[in-house]
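Structural overview for review
Residue-level listing of the chains:
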Amino acid sequence: MTDGFQLLPVAAPGSTPVRVMTIAGSDSGGGAGIQADLRTFALLGLHGCVAVTAVTVQNSLGVSGFQEIEPATVAAQIRCVTEDIGISAAKTGMLASAPIIDAVVAQCRESGIGGDTGTPLVVDPVCASMHGNQLLADSALDTLRDNLFPLATVVTPNLDEVRLITGIDVVDADTQREAAKALKDLGPAWALVKGGHLRSSDRSPDLLYDGSEFIELTHERIVTPHDHGAGDTLAAAIACALAHGYPVPDAVGFAKKWVTRGLAAAYPLGGGHGPVNPLWRVGDQVL
Ligand code: PXL
C-alpha cells in the first residue's frame with residue numbers, strides 16, 4: 001500500500017513503554033473487544049492495561065450472552081492502574097449498562113481521564129455486535145450521551161450507532177455533516193462519523209469535526225466479510241497515537257491506515273466472520 005504509513009516509535013528493550021488502557025468487554029472468540037484492543041496496543045509497541053466491563057460468550061457466528069462486571073469493580077480496575085502504572089490515553093468499548101457507564105465516568109473524572117485537561121479518552125460507543133446482538137442496554141443511551149460523551153476527546157460511532165445516538169440516518173455527505181454536528185453538540189472535543197458502511201462509495205469516507213473544521217479522511221475500502229473488531233481496532237489505534245502525543249486529526253489518520261492494513265490481511269475464522277488482522281506486523285516467515 002502506498003499510503004505513507006509509518007509505525008509509532010517503540011521503547012528500547014528493558015525500558016517502560018507508553019501505557020494505554022481499554023475499558024471494554026471480553027470477546028471469547030478473540031476477534032473484538034479487549035482482545036482486539038490488546039493486540040493493537042502490543043503490535044504498536046504500547047503496554048496495554050484493561051478494565052473489563054463485561055464477559056461476552058461468543059464465537060465467529062455471534063454473541064450468545066454476556067455477564068456484566070460489578071460497576072464498582074470496573075471503577076476499581078481503572079483506579080488501581082492509574083494510581084500505579086499510569087496511562088497516557090484510554091479508550092472505552094462495550095459498557096453494557098448505565099450503572100457501568102456512570103462508574104466509568106466518575107472514576108475517569110477522579111483519575112484525570114478525559115475532558116479538556118485530562119488524559120485523552122477515545123469513546124467508541126459500542127451498541128451492538130456486527131451480528132446485531134445488543135451490547136448496550138437501551139436504557140443506557142441517555143447516560144452515554146449525557147454523561148460520557150462530554151468527557152471524550154473523540155467519539156467514534158459507526159452509522160448504526162449514529163442513528164441510535166442522534167436519530168440521524170446518514171445516507172450521504174450532507175447527512176454525515178449533520179450527524180457530525182449533532183454528535184459534537186453532545187460535548188466531545190471531536191466527533192468522527194465513520195462512513196465505512198456508506199455502501200454507495202468505493203472509498204471509506206470518514207468525517208472528523210471539532211465544531212469549526214470538517215476534515216474528510218478517505219481511504220481505500222477493503223471489502224471483506226472478515227472485519228470483526230474493525231471499530232475496536234480503529235479506536236484502539238487512535239488511543240495509541242494520542243498516547244504518543246499526536247493531535248486528533250493525525251491520530252485518526254494514522255489509525256485509519258492501521259485498520260486498512262489489518263482489513264487487507266484479515267483471515268477467516270470459524271464459520272462466520274473472521275477478525276481484522278494486525279498480526280501482519282509480526283513477521284514475514286509464512287507457514
Ligand atoms: O466490535 C464491537 C464489540 C466490542 N466489544 C465486544 C464485542 C464487540 C462485537 O461483537 O463483542 C466485547
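Scroll up to find the structure this text is about.
An account of the accompanying structure is given in this report. Remember, predicted model here, so these are calculated numbers, not experimental data.

Some points on the sheet that holds strand S9 (residues 214-220)
Taken in spatial order, the 9 strands make up an open sheet running S3-S2-S1-S4-S5-S6-S7-S8-S9, and their pairing is mixed. Only two strands of the sheet have a single partner each, and these edge strands are strand S3 (62-68) and S9. Bridge analysis of strand S2 (residues 47-59) against S3 gives 6 bridges, and the strand direction is antiparallel. Within S3, the residue paired with Val55 across the bridge is Gln67.

Structural notes on the packing of aromatic side chains
Per the stated rule, a full pass over the model turns up 6 aromatic pairs. Three or more aromatic residues joined by ring pairs make a cluster, and in this case those are Phe5, Tyr246, Phe254, Trp258 and Trp280. Stacked on the ring of Phe214, the Lys or Arg Arg177 has its end atom at 4.3 Å from the ring centre.

Structural notes on the environment of Asp169
Among the secondary structure elements, Asp169 is positioned in the loop between helix H5 (159-166) and helix H6 (173-184). Judged by relative accessible area, Asp169 falls into the partly exposed class, the value being 41%. Spatially, the C-alpha atom of Asp169 lies 7.6 Å from that of Leu159, the residues being 10 residues apart in sequence. Leaving out residues up to four positions away in the same chain, Asp169 has contacts with Arg163 and Thr175. A distance of 2.9 Å separates a polar atom in the side chain of Asp169 from a polar atom in the side chain of Arg163.

Quick word on unusual backbone geometry
If you check the backbone angles, Ala96 has positive phi at about 70° while not being a glycine. Examined against the element boundaries, Ala96 turns out to sit in the loop between strand S4 (90-92) and helix H3 (98-111). Accessibility expressed as a relative area gives 2% for Ala96, which makes it buried.

With respect to empty space enclosed by the protein
This model, assessed by the stated rule, comprises 1 cavity of 30 Å³ or more. Here the largest cavity defines a volume of roughly 40 Å³. Lining the largest cavity, in full, are Asp27, Gly29, Gly31, Asn59, Ser60, His228, Leu269, His273, Gly274 and Pro275. Here the lining of the largest cavity is composed, by residue class, of 2 nonpolar, 7 polar and 1 charged.

Let's talk about the pattern of salt bridges
Counted by the stated rule, this structure contains 6 salt bridges. A salt bridge links Asp142 to Arg145, with the shortest nitrogen-to-oxygen separation between them at 2.5 Å. Linking Asp142 with Arg145, this pair stays in helix H4 (residues 141-148), spanning 3 residues, or about one helical turn. Residue Arg145 is classed as buried on the basis of its relative accessible area, which comes to 16%. The salt bridge partner of Lys256 is Asp206, with a shortest N-O separation of 3.0 Å. Of the two residues, Lys256 sits in helix H8 (residues 248-264) while Asp206 sits in strand S8 (residues 203-209), which places them 50 residues apart along the sequence.

Quick look at the side chain of Thr92
By the secondary structure assignment, Thr92 is in strand S4. Given a relative accessible area of 0%, Thr92 falls into the buried group.

Quick word on the nonpolar core
Met21, Ile23, Ile101, Val104, Leu144 and Leu148 are the most contacted members of the largest nonpolar core, which totals 48 residues. No other element matches H3, which puts 6 residues into this core. In this view, Ile23 contacts Ala51, Thr53, Val74, Ile78, Lys91, Thr92, Gly93, Met94, Leu95, Val104 and Cys108; residues no more than four positions away in its chain are not counted. Among the nonpolar cores identified, the runner-up in size contains 34 residues, and Leu8, Leu46, Leu242 and Trp258 belong to it.

A short note on the packing of H3 against H4
Two numbers describe how H3 lies on H4: the axes approach to 9 Å, and their chain directions differ by 10°. With respect to each other, H3 and H4 are oriented roughly parallel. Contacts from Ala98, Ile101, Asp102, Val105 and Arg109 of H3 reach H4 at Thr143, Leu144, Asn147 and Leu148. Per-class residue counts for the contact of H3 with H4 are 5 nonpolar, 2 polar and 2 charged.

Section: the site of the ligand
If you check the shell around the ligand, you find Gly25, Ser26, Ala32, Gly33, Thr56, Gln58, Met94, Val126, Ser129, Leu135, His228 and Asp232 and nothing else. Residue Gln58 places a side-chain N or O atom 2.4 Å away from an oxygen atom belonging to the ligand. Residue Asp232 places a side-chain N or O atom 2.6 Å away from an oxygen atom belonging to the ligand. Contact with the protein chains removes 93% of the 320 Å² of surface that the ligand exposes when unbound. Residue assignment for the shell around the ligand shows that the elements contributing at least two residues are strand S1 (19-27) and S2. Residue classes in the shell around the ligand are distributed as 4 nonpolar, 7 polar and 1 charged.

Reading the values: rules and limits
- Residues numbered from 1 in each chain as written.
- Predicted model: local features only at pLDDT ≥ 70, side-chain atom pairs only at ≥ 80, totals over all residues.
- Heavy atoms only, no water.
- Pairing = 2+ DSSP bridges.
- Helix = DSSP H or I, 4+ residues; strand = E, 2+ residues; numbered from the N terminus.
- Phe/Tyr/Trp six-rings, centres within 6.5 Å; stacked < 30°, edge-to-face > 60°.
- Lys NZ or Arg CZ within 6 Å of the ring centre and 35° of its normal.
- Buried < 20%, exposed > 50% of the residue type's maximum accessible area, 1.4 Å probe, protein only.
- Contact = heavy atoms within 4.5 Å.
- Polar contact = N/O pair within 3.5 Å; in protein donor to acceptor, adjacent residues only side chain to side chain.
- 1 Å grid on protein atoms, 1.4 Å probe; cavity = no way out; pocket = protein on both sides within 12 Å on 5 of 7 lines; lining within 4 Å.
- Points joined across faces, edges and corners; volume = space filled by probe spheres on them.
- Nonpolar A, V, L, I, M, F, W, Y, C, P; charged D, E, K, R; others polar.
- Salt bridge = Lys/Arg side-chain N within 4 Å of Asp/Glu carboxyl O.
- Core = buried A, V, L, I, M, F, W, Y, C linked by side-chain atoms within 4.5 Å.
- Axes fitted to C-alpha atoms, helices over the stretch in contact; angles between N-to-C directions.
- Parallel < 35°, antiparallel > 145°, perpendicular 65-115°, else oblique.
- Near = heavy atom within 4 Å.
- Areas by Shrake-Rupley, 256 points an atom, 1.4 Å probe, with all protein chains shown as cover.

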